[in-house]
Amino acid sequence: MPQHDKLLEWHFYVATQSLDELWNGLLADAFSQASEETPPTAPRLDAKTRLLSADTERANLPTLDQSILTDQHLGHWDLWQQNVTLPESQHPEIPLDAGYIARNPANDIQRNIPVAIDFGTTSTVVALREQGRSRLFRVGVKNWREAPVPQDFENPTLLVIQNYQPLMQAWYERLYRPHVQWAHVKCSHWAKAELTDAATCNSIQGGIANLKTWAHTQKRPMPYRDAQGHEFTIAPLQNDDRTADAFNPLELYAFFLGLNLNNQHSHGGRIYHNYHMSFPVDFDTATRQCIMQAFSQGLERSLPASLGYQEGWRTTTPFTVHEGASEPAAYAAGALPVMGLEPTNEGLPFGVFDFGGGTTDFAIGIYRTATPQEERDNGWEEVLEILDSAGDVRLGGEHLLHHLAYAVVRKNMQKMLETGAGLSFVMPDDATAFAGSELILDTGLAARTNTAKLCQALRPLWEENALDTQDTGQISLTLFDKAGQQSPLLALDVDEDALRQWLAARIRQGVEAFFTTFRQALKIHESNPSKFHVLLAGNSCRSPLVHEAFEAVKNAITDDDSLRHAITIHDVLKQDMEHPYAPTLKTGVALGLLRTMPGESMGIIDRPRARNDEAPFQFSVGSFKRNALVPVLHRYHVYNQWREFGLVRQDLTTILGYTASPLAIEGQVPRGECAEERVIWAQEDVGKTIFICCTNPNTVELALGPEGATEPQTQNTIKIFLKA
């Protein structure tokens with residue numbers, strides 16, 4: 001492998017530190033790991049062709065027209081060298097007498113034009129507003145010549161690694177616009193097509209999905225295998241053992257988003273420097289910052305080197321990634337005007353039920369006109385005031401699919417064991433093991449692959465409410481053993497009615513939690529609205545089961561007829577083939593985020609977030625009485641404020657229960673449907689008072705004090721991390 005430039009002049013900056021500190025010393029280790037086997041080199045193209053097709057090779061973007069090299073009004077970014085100090089590895093390989101035109105990329109920076117990114121579990125939406133008009137972007141489509149349709153803008157949050165070693169070698173070789181090859185990695189729409197058409201176990205095992213869930217909750221290294229059969233591991237994003245040179249798939253995904261934004265394929269060239277992201281209500285500060293840092297790094301690496309190493313451009317146009325409104329608040333900002341709902345002086349009450357692929361978020365608020373002072377100080381004309389926000393972290397479309405697959409595995413366990421193929425599957429995190437399940441449950445590559453295939457086969461039942469079983473009550477699949485070998489075609493029994501009933505019950509539970517949040521918000525803010533508008537957001541709300549659940553729960557409100565009649569459940573925002581940029585269930589978040597940017601006329605006041613700089617505490621924590629959870633700490637409890645939990649008993653054991661469900665507020669969470677932790681005390685602690693407090697969105701601490709004390713008398717605490 002040739003000697004590579006160390007690229008120590010990393011000019012990215014984030015809120016916590018400049019990224020030259022992260023890049024310093026990283027490349028030597030990365031190169032040695034990536035070059036254990038030297039991949040075959042592709043035939044070299046001539047310099048002119050490389051200039052025109054570089055983004056085609058990287059990201060399947062259209063090849064540039066050759067006029068960009070000769071037209072005095074155009075010119076190529078990579079040829080610009082004024083005020084630029086390039087590393088040797090990034091000098092253009094063009095003869096000085098070629099006569100080609102250079103273009104200064106700094107002149108193509110779209111100054112202060114905001115780009116909104118709704119980073120979703122299953123799909124990501126990118127939107128921007130120029131000259132008062134909003135538009136959306138496609139990423140990784142197969143045919144750029146086809147006219148865009150609304151679903152094109154729901155870019156799958158997905159990577160498929162097809163050849164890991166040369167990908168890593170290219171990724172670490174250059175800082176700006178590394179020469180990654182589309183033949184080695186696919187992104188978004190193309191990646192989804194690759195997995196759908198995958199015929200081998202290796203093809204599927206290189207797919208990196210659920211990036212958002214990985215960033216938020218994954219605590220263990222995840223094994224993968226590329227299409228060549230090479231295994232690699234991705235370390236958790238938030239882990240003390242994660243090294244600076246560890247591959248971050250979020251950064252690579254953001255890099256591809258950036259290439260689709262910052263390129264020369266229209267108007268001679270466009271570069272954006274001002275990005276804003278939305279997040280779920282329950283993401284803690286550490287998670288949000290990790291994601292924004294990864295996106296900042298990946299997006300900035302999509303810039304041309306002739307800009308990245310150019311002097312002075314960051315002074316006037318700093319490259320930034322900001323946190324914007326929460327996802328449900330942003331959706332409300334985009335959807336309310338489209339639905340013809342107008343702000344009122346007293347405030348129009350609304351609730352957002354954002355049912356996505358990974359989680360469900362709730363936001364309860366009022367849509368009102370701005371006060372004279374808000375209009376004078378902030379320029380606002382209308383205000384979204386969020387009164388309460390909550391959610392159900394286990395109610396997501398992909399999570400429900402996993403449970404459906406688990407039910408089918410349970411029903412067919414004996415049939416699978418009789419094949420002798422050693423088939424295995426992954427159990428959902430919140431599922432209960434069944435008798436004999438240890439024979440068929442695993443967390444390895446084959447188990448994940450089989451689970452993904454079974455989920456995909458069951459997807460029509462979730463999304464279209466029916467399976468094509470040809471009246472046999474069965475679906476047929478080719479699965480894989482632990483060695484990655486295909487098993488014979490296996491017909492699996494599927495009880496569609498039982499699965500639908502389970503889905504309906506689980507969705508209804510989420511809807512009941514939504515209305516509990518609504519009632520609590522009204523109680524806290526002493527409000528008695530004559531109208532309450534329910535907005536359904538997220539692609540999972542396309543299921544007819546969602547509307548049925550809302551109508552059922554609404555009609556079950558018997559203690560207050562006026563409240564029941566006040567509720568209006570609005571139809572979902574559907575895709576409009578004639579107007580592909582119109583807000584939908586999915587694109588409404590990114591488009592709404594644009595409406596809440598600095599300088600816009602809509603303001604957001606998020607009362608729950610205003611109580612703490614950190615995301616608010618989202619759990620109910622307590623003990624059990626009569627087989628039900630009795631919370632001592634509730635959602636939004638003030639951090640570091642101690643509450644009495646009870647006494648240390650003679651048996652020295654304290655059982656602590658917790659849940660993120662708003663249903664716990666009204667005592668509706670039985671034991672067995674929430675998480676538990678056991679704390680064992682010392683013999684000398686018997687009779688002491690147990691105190692509990694929350695210290696961040698997902699951590700509580702226990703401490704002891706003498707009987708009758710009002711707070712702990714020791715600095716020794718037991719820290720418990722709560723898992724949603």
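Residues numbered from 1 in each chain as written. Predicted model: local features only at pLDDT ≥ 70, side-chain atom pairs only at ≥ 80, totals over all residues. Heavy atoms only, no water.

What follows deals with the overall build of the protein chain. Per the secondary structure count, the protein chain includes 21 helices and 27 strands. Radius of gyration (C-alpha) of the protein chain: 27 Å, near the 27 Å computed for a compact globule of 724 residues. Judged by the C-alpha coordinates and their principal axes, the protein chain covers about 85 × 75 × 60 Å. Looking at the protein chain as a whole, 56% of its 724 residues are labelled buried. At a minimum sequence separation of 6, the contacts of the protein chain that also span at least 24 residues come to 70%. (Helix = DSSP H or I, 4+ residues; strand = E, 2+ residues; numbered from the N terminus. Rg over C-alpha atoms; globule rule 2.2 N^0.38 Å. Buried < 20%, exposed > 50% of the residue type's maximum accessible area, 1.4 Å probe, protein only. Contact = heavy atoms within 4.5 Å.)

What follows is about the packing of aromatic side chains. For the structure on display, the rule yields 27 aromatic pairs. Seen in terms of ring centroids, Tyr275 and Phe319 are 5.5 Å apart; in terms of plane orientation they differ by 45°. Their pairing is tilted. Taken together, the positions of Tyr275 in strand β10 (residues 274–278) and Phe319 in the loop between α11 (313–316) and β11 (320–323) put the pair 44 residues apart, joining distant regions of the chain. The residues Tyr275 and Phe319 share a single accessibility class, namely buried. In this structure an aromatic cluster arises from ring pairing among Phe353, Phe355, Phe362, Trp462, Phe514, Phe515, Phe518, Phe532 and Phe550. One Lys or Arg, Arg301, reaches over the ring of Trp171 and ends 4.0 Å from the middle of that ring. (Phe/Tyr/Trp six-rings, centres within 6.5 Å; stacked < 30°, edge-to-face > 60°. Lys NZ or Arg CZ within 6 Å of the ring centre and 35° of its normal.)

Think of two packed helices as two axes; the pair is described by the angle between the axes and how far apart they sit. Their axes nearest at 11 Å, the elements helix α3 (residues 47–59) and helix α8 (residues 249–261) cross at an angle of 145°. α3 and α8 meet at a crossing whose hand is left-handed. Facing Asp55, Arg58 and Ala59 of α3, the residues of α8 in contact are Phe255, Phe256 and Leu259. (Axes fitted to C-alpha atoms, helices over the stretch in contact; angles between N-to-C directions. Left-handed = near helix turned anticlockwise from the far one by under 90°.)

Right, let's get into the sheet that holds strand β25 (residues 689–696). Backbone hydrogen bonds are what pair the strands of a sheet, in a parallel or an antiparallel way. Reading across the sheet, the 4 strands line up as β22-β25-β26-β27 and stay open at both edges, with antiparallel pairing between neighbours. Two strands close off the open sheet at either side, each with one partner strand: β22 (643–647) and β27 (718–721). Each strand of the sheet is rotated relative to its neighbour by a mean of 30°, with strand direction disregarded. Of the pairings in the sheet, the one linking β25 to strand β26 (residues 699–705) comprises 7 bridges and is antiparallel in character. Residue pairing across strands places Cys694 opposite Val700, the latter belonging to β26. (Pairing = 2+ DSSP bridges.)

An order of β21-β20-β23-β24 is seen for the 4 strands of this open sheet, with the pairing classed as antiparallel. Every other strand in the sheet has two partners, leaving β21 (628–633) and β24 (675–680) as the edge strands with one partner each. The average angle at which neighbouring strand axes cross in this sheet is 40°, direction not considered. Note: strand β20 (residues 620–625) against strand β23 (residues 653–659), 3 bridges, orientation antiparallel. Across the sheet, the residue bridging to Ser620 is Thr659, located in β23.

What follows is about the state of the cysteines. If you walk through the whole model with that rule in mind, you get 0 disulfides. A disulfide-free cysteine, Cys541 has its sulfur positioned 20 Å from the sulfur of Cys455, the nearest such atom. Judged by its relative accessible area of 4%, Cys541 falls in the buried class. No disulfide involves Cys693; its nearest neighbouring cysteine sulfur is the one of Cys694, lying 6.5 Å away. (Disulfide = S-S within 2.5 Å.)

A few words on helix α17 (residues 496–524). Along an α-helix, a turn takes 3.6 residues, which lines up residues three or four apart on a common side. The end-to-end C-alpha distance of α17, which contains 29 residues, comes to 42 Å, matching closely the 42 Å that a straight helix rising 1.5 Å per residue would cover. Positive backbone phi, approximately 50°, marks Glu526, located one or two places after α17. (Expected span 1.5 Å × (residues − 1).)

In this fold, His402 is placed in helix α14 (residues 397–411). For His402, a relative accessible area of 15% puts it in the buried group. When residues no more than four places from it in sequence are discounted, the contact partners of His402 are Val426, Met427, Pro428, Thr451 and Cys455.

Summarising the element assignment, His403 is placed in helix α14. Judged by its relative accessible area of 14%, His403 is buried. For His403 and Asp430, which are 27 residues apart along the polypeptide, the C-alpha to C-alpha distance reads 9.2 Å. When sequence neighbours within four positions are dropped, the list of residues in contact with His403 reads Pro428, Asp430, Ala431 and Trp502. In this structure the side chain of His403 is engaged in a polar contact, spanning 2.8 Å, whose partner is the side chain of Asp430. (Polar contact = N/O pair within 3.5 Å; in protein donor to acceptor, adjacent residues only side chain to side chain.)

With that out of the way, let us pick up the environment of Ala335. Mapped onto the elements of the fold, Ala335 is located in helix α12 (residues 327–338). When the C-alpha positions of Ala335 and Gly324 are compared, they lie 17 Å apart, and in sequence the two are 11 residues distant. Residues within four places of Ala335 in sequence aside, it is in contact with Leu535 and Leu573.

Most of β21 is tucked away, with 5 of its 6 residues classed as buried. Pairing between β20 and β21: 5 bridges, direction antiparallel. For Ser623, the partnering residue across the bridge sits in β21 and is Val630. From the end of β20 to the start of β21, which pair antiparallel, there are 2 residues, and Arg626 there has a positive phi angle of about 50°.

Attention now moves to the confidence of the model for the protein chain. Scored by pLDDT, the protein chain has a mean of 87; 90% of the residues are at 70 or more. When the criterion is pLDDT under 50, residues 1–42 qualifies, and its contacts beyond four places in sequence or with other chains add up to 81 contacts. (pLDDT = per-residue confidence, 0-100.)

Quick look at helix α4 (residues 164–173) now. With respect to burial, α4 is a largely interior element, 9 of its 10 residues being buried. Buried within α4 are the following residues: Tyr164, Gln165, Pro166, Leu167, Met168, Gln169, Ala170, Trp171 and Tyr172.

Looking at the secondary structure, you find His533 in strand β17 (residues 532–537). A distance of 2.8 Å separates polar atoms of two side chains, one belonging to His533 and the other to His570.

Side chains that differ in sign of charge can pair as their charged atoms come close. Tallying each qualifying case throughout the model produces 34 salt bridges. The shortest N-O distance in the salt bridge between Arg394 and Asp429 comes to 3.8 Å. One end of the pair, Arg394, is in the loop between β14 (382–392) and α14; the other, Asp429, is in the loop between α15 (413–418) and α16 (445–464), and 35 residues separate them in sequence. (Salt bridge = Lys/Arg side-chain N within 4 Å of Asp/Glu carboxyl O.)

Before going further, it helps to examine the nonpolar core. Residues Phe353, Leu454, Leu458 and Phe550 are the most contacted members of the largest nonpolar core, which totals 95 residues. Residue contributions to this core peak at 10 residues, all from α17. In this structure, Tyr164, Tyr172, Trp190 and Ile271 belong to the second largest nonpolar core, which totals 68 residues. (Core = buried A, V, L, I, M, F, W, Y, C linked by side-chain atoms within 4.5 Å.)

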